[in-house]
Amino acid sequence: MARRAHEVAPQAALAVVATLKNARRLTGVDVNAEKLGLTPGLSLADARARHPALVTFDADPAGQGQALEQLADACSRYTPLVALDGVDGLMLDVSGVAHLFGGEDGLLADAQARFARARLTLKPGLADTPGAARALARFSQEGVAPAGLEGRAFNKLFHDLPVAALGVAPALAADLGRAGLKRVGDLAMRPRAPIAARFGADLIARLDELHGLTRPSIEPRFPAPDFVAERRFASPIQHQEAVEATLNRLADDLVVLLERRGKGARRLELALFRVDGAARRLRVAASRPLNEARAIQRLFRERLLHGEPIDPGFGIDLMRLSCALAEDAEPSQHAFERAFEADQAKALAELIDRLSARLGPSRVTRQTLVDAHIPERSVVARAAALGETEGAALDMPPRPLRLFERPELIEALAEVPDGPPLKFRWRRVLREVAAIEGPERIAPPWWRGPEGPTRDYFRAEDVFGRRYWLYREGVYGQTARPRWFVHGVFG
Amino acid sequence: MPDRAEHISHLRRAVARIESSPRRESARALPLTRALDARLGGGLSGDGLHEIAPAAPADAPAAFGFALALAARFMAQSGAAALLAVEDFALTQEGAPFGPGLVAHGLDLSRVVFVRAPDAAALFQTLEDALKSGGLAVAVGEVWRLSKYDLAVSRRLALAARAGGTPVLLTLPTAHDTRLSTAAETRFSIAAAASPREARAGRPTPGPPAFAAKLVKARGGGEGAFRLVWRSEEREFDEPAISVPVAAEALDRFGAARA
């Protein structure tokens, strides 16, 4: 099913205008304008000459794109497989879902009613193949091609459509027209080889696509989830409590599905579809496969409480909980001898998931040591929700407890130019060095190109016992005037 | 029904037994040093709020180091993970907790979860949830602004610690105003102390971290001052007396300005 939508006003003829090749041309027209015989591509001057009352708007491609994305979101209530079709259409794969809406006609009627409520006109096309559906939506008055249409009936429906209905480039359509091939039927009835030789194999491929001889897959915006639970409401819900109650039931349903396959959910999405067509998606990730309803509920409640509040608008009439990534759930319940440790690990994983959902995964991390000498690179932080890191032994001289993001410049006084400092001034306070260890020379990896001067690190303790990690940038004799920095502090 | 009444009376007895039993913490108190344990009443309790304040603002790294040393001991005792929560602003001002430094300090890095909180409210909420989860050996939080920390906050944390059976260590930004009353069980005032130095190539080098710890508040009412040296490999505190002259000697060599 493909679909086009234009904004509608009661009587006035509307057109969207853009500047194309230095001329103001119509790029889109509404139903009323179409009735007056105006078509996209006409210059604005001609259109005005014919119909002075024409109302025009400037084209807004970005806004149009956004609106289309929103519509695509709203349409995912029908099927998870929704794709954008050009800049003004949507392609929905409704195989095997139409019965949920009372058949294909019911589905179309529902969609049309919803679009009408949002003051949009739907031009639907429904057929066995994406190509045929697109051709019907864009070039035919017929909305639906009956399933399994073949032979004469098929020809009747499609062979009268213009060749542009095949989705070929306008230039190719013009070429075909010049050759007298104006209708799809003109092409379909002719031997294929000469056509392929003259107009390219792509045209034949498109023809095959229309006839269902090849089936191109559509590229959905979101992959289809493995497990889905959803609830529709006859009367839309508006209160947060109702949303939470539904969430609880959805989680129960989803867990049943997951358990049947011995799976747990690592990534989950809750989609809330509003009556007016807007959709909101909440995504959470878990650090271990979840197969308990309570854990799933807690994660989403965290998002509902601490995240952006849900705006129900005129009400939510569909909620869907889907599991985007499932993994085998480990049967840890059976390890009785380690029950306490397992409980503790589970409690920790739950805590990490909750905090990640509330604060964002980048704020809840674990650190792993990496084999690199540059201090800033010797450790990487990973989102704790990704799972545990491996412990590693430290085989370097002691490092500070806290490291400054940017080393802070200090004034240092050394006994000998290339020696350790005797005193230094940091954050306006003069500090006297009582004990010092170093230098530990750390040079940037030369094989990665120039990355700055060599650093000589010192572990310094002042007379009060406070400890600092200092370094001198540059090598004495090579660098004109070495500078000193504090890079961190020890506990 | 007779068996139902019997069941209820059985439950009542069970509740009474739980309520009358001594608190778990005495079993899980963390021993520090002999002198300190005497003042703490057997050690640092495993389900309470403990505050660690620097004696002077410049001692904040020492206070942080002392808190992490305690955390390392709690982790070693229980084998579970630790959570370290810091506010965004503290990261840019005071530096971010640095993994290799934590390892050198005696912490098992694979068992530390780092949390960056956007503000004080999020920090306290994080700590509260962490404590209640019961999945941690210890939770460590750094209070950046004392104005955000009050009796109500501390009481919530103390209750959460009790509920989850998990200790919480809070480092405070400045030397504590004694008038501020909190629900903390213990409060230390920490200053950096000269470490037991070793002379290497004729030059004194810094030894293991040393703290001048003052016990300001303790459940047993004990107060006192202690000098502690943290041995990160053994994850133990020493109370040395011998190292002081070594430090003094080192100062003579270097510091002309010392009075």
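Quick notes on the rules
Residues numbered from 1 in each chain as written. Chains lettered and ligands numbered in written order. Predicted model: local features only at pLDDT ≥ 70, side-chain atom pairs only at ≥ 80, totals over all residues. Helix = DSSP H or I, 4+ residues; strand = E, 2+ residues; numbered from the N terminus. Pairing = 2+ DSSP bridges. Axes fitted to C-alpha atoms, helices over the stretch in contact; angles between N-to-C directions. Contact = placed C-beta atoms within 7 Å. Nonpolar A, V, L, I, M, F, W, Y, C, P; charged D, E, K, R; others polar. Buried ≥ 20, exposed ≤ 12 C-beta atoms within 10 Å, placed from the backbone. Parallel < 35°, antiparallel > 145°, perpendicular 65-115°, else oblique. Left-handed = near helix turned anticlockwise from the far one by under 90°. pLDDT = per-residue confidence, 0-100. Expected span 1.5 Å × (residues − 1). Arc of directions from axis to C-beta. Core = buried A, V, L, I, M, F, W, Y, C linked by C-beta atoms within 7 Å.

Caption draft 1: Main features of the environment of L170 of chain B. Along the polypeptide, L170 of chain B turns up in strand β6 (residues 168-171). Separated by 14 residues in the primary sequence, L170 of chain B and A184 of chain B have C-alpha atoms spaced 9.4 Å apart.

Caption draft 2: Focus on the sheet that holds strand β3 (residues 23-29) of chain A. All names here are of chain A. Spatial ordering of the open sheet is given by β3-β2-β4, a layout of three strands whose pairing is mixed. Here the strands that pair on one side only, and so sit at the sheet edges, are β3 and β4 (55-58). When strand polarity is set aside, the average angle formed by the axes of neighbouring strands in this sheet is 40°. Of the pairings in the sheet, the one linking strand β2 (residues 14-20) to β3 comprises six bridges and is antiparallel in character. Along β3, the bridge assignment pairs A15 with V29.

Caption draft 3: Structural detail: the interface of chain A and chain B. The interface of chain A with chain B comprises 51 residues on the first partner and 56 residues on the second. If you list the elements that add at least two residues to the side of chain A that touches chain B, you get α13 (339-359), β12 (364-369), β13 (379-383), β14 (402-414), β16 (429-442), β17 (455-462) and β19 (483-489) of chain A. For the side of chain A that touches chain B, the element with the highest residue contribution is α13 of chain A, accounting for nine residues. In terms of residue class, the side of chain A that touches chain B is built from 27 nonpolar, nine polar and 15 charged. Across two bridges, the pairing between β12 of chain A and strand β4 (residues 112-117) of chain B is antiparallel. Bridge pairing links T365 of chain A to F114 of chain B in β4 of chain B.

Caption draft 4: Highlighting the sheet that holds strand β10 (residues 210-217) of chain B. The sheet built from eleven strands is open, its strands ordered β13(A)-β12(A)-β4(B)-β2(B)-β5(B)-β6(B)-β1(B)-β7(B)-β10(B)-β11(B)-β12(B) with mixed pairing. In the strand order of this sheet, the two ends are held by β13 of chain A together with β12 (236-238) of chain B, each with one partner. With strand direction ignored, the average angle separating the axes of adjacent strands in the sheet is 30°. In this structure, strand β5 (residues 136-142) of chain B lies alongside β6 of chain B, joined through four bridges in parallel fashion. Counterpart to V140 of chain B in the pairing with β6 of chain B is L169 of chain B.

Caption draft 5: Inspection of the pairing of strand β1 (residues 49-54) of chain B at higher detail. Residues and elements named next belong to chain B. Burial of β1 is extensive: six of the six residues sit out of reach of the surface. Going residue by residue along β1, you find L49, E51 and A53 tucked away on one face and H50, I52 and P54 tucked away on the opposite face as well. With four bridges connecting them, β1 and β6 associate as parallel partners. Opposite I52, over in β6, you have T171 as the bridge partner. Direction of pairing for β1 relative to strand β7 (residues 186-193): parallel, over a ladder of five bridges.

Caption draft 6: Up close: the packing of helix α7 (residues 120-133) of chain B against helix α8 (residues 151-164) of chain B. Residues and elements named next belong to chain B. Put simply, α7 and α8 touch, their axes get as near as 7 Å, and they point 20° apart. Here α8 runs roughly parallel to α7, going by the angle between their axes. Helix-helix and strand crossings are classified by hand; for α7 and α8 the assignment is left-handed. Of the residues in α8, those touching α7 at F124, L127, E128, L131, K132 and S133 are V153, R156, L157, A160, A161, A163 and G164. A breakdown of the residues in the contact of α7 with α8 according to their chemical character gives eight nonpolar, two polar and three charged.

Caption draft 7: Looking closely at the confidence of the model for chain B. All names here are of chain B. Mean pLDDT over chain B stands at 83; residues scoring 70 or higher make up 84%. Low pLDDT, under 50, characterises residues 21-27; the predicted model gives this stretch seven contacts beyond four residues in sequence or across chains. Scored below 50 in pLDDT, residues 242-259 shows 21 contacts in the model against residues more than four places distant or in partner chains. What the predictor reports for the complex is a pTM of 0.64 with an ipTM of 0.81.

Caption draft 8: Helix α11 (residues 240-260) of chain A, seen in detail. Residue and element names in this part refer to chain A. Along its 21 residues, α11 runs 30 Å from first to last C-alpha, staying within 8% of the 30 Å computed at 1.5 Å per residue. Considered for burial, the residues of α11 that qualify are L247, L250, A251, L254, V255 and L258. Relative to the axis of α11, the buried residues are bounded by an arc of 145° and lie together on one face. Opposite the buried face of α11, by more than 90 degrees, sit the exposed residues E241, A245 and R260. Taken together, the buried residues of α11 touch β8 (227-237), β9 (263-274), α12 (293-306) and β11 (316-328). Immediately downstream of α11, the backbone of G262 shows phi near 70°, a positive value.

Caption draft 9: View of unusual backbone geometry. Between G438 of chain A and P439 of chain A the backbone carries a cis peptide bond, its omega angle lying at 0°. Along the chain, the position of P439 of chain A falls in strand β16. Unusually for a residue other than glycine, R428 of chain A sits at a positive phi of about 70°. Here R428 of chain A shows up in the loop between β15 (421-426) and β16. In this structure, R235 of chain B takes a positive phi of about 55° despite not being glycine. By the secondary structure assignment, R235 of chain B is in the loop between β11 (224-231) and β12.

Caption draft 10: Seen up close, the nonpolar core. Grouped together as the largest cluster of nonpolar side chains are 112 residues, with contacts concentrated most on F66, A71 and A82 of chain B. Among the elements that line this core, the one with the most residues is helix α4 (residues 60-78) of chain B, at 13 residues. Residues contacting A82 of chain B, with those up to four places away along its chain left out, are A71, M75, R111, V112, L136, A137, V138 and V140 of chain B. Of all hydrophobic cores here, the second largest spans 64 residues; its members include L157, L203, I316 and M319 of chain A.

Caption draft 11: Up close: the packing of helix α9 (residues 192-199) of chain A against helix α10 (residues 201-211) of chain A. Residues and elements named next belong to chain A. At a minimum axis distance of 6 Å, the contact between α9 and α10 shows a crossing angle of 130°. For the element pair α9 / α10, the angle class is oblique. Counting all contacts with α9, which are made through R192, I195, A196 and F199, the residues of α10 involved are A201, L203 and I204. Grouping the constituent residues of the contact of α9 with α10 by class yields six nonpolar, no polar and one charged.

Caption draft 12: The arrangement of the environment of R294 of chain A in detail. Inspection of the secondary structure assignment puts R294 of chain A in helix α12. Distance in space between the C-alpha atoms of R294 of chain A and A251 of chain A is 7.7 Å, their sequence separation being 43 residues.

Caption draft 13: Spatial organisation of α8 of chain B. All names here are of chain B. With 14 residues, α8 should cover 20 Å at 1.5 Å per step; its first-to-last C-alpha distance of 20 Å lies within 8% of that length. Of the residues making up α8, those classed as buried are V153, S154, L157, A158, A160, A161 and G164. Looking straight down α8, one finds its buried side chains confined to an arc of 160°; they lie on one side. Away from its buried face, by an angle of more than 90 degrees, α8 presents the exposed residues L151 and A152. In this structure, the buried residues of α8 make contact with β1, α7 and β6. G165 occupies a position one or two residues after α8 and carries a positive phi of about 60°.

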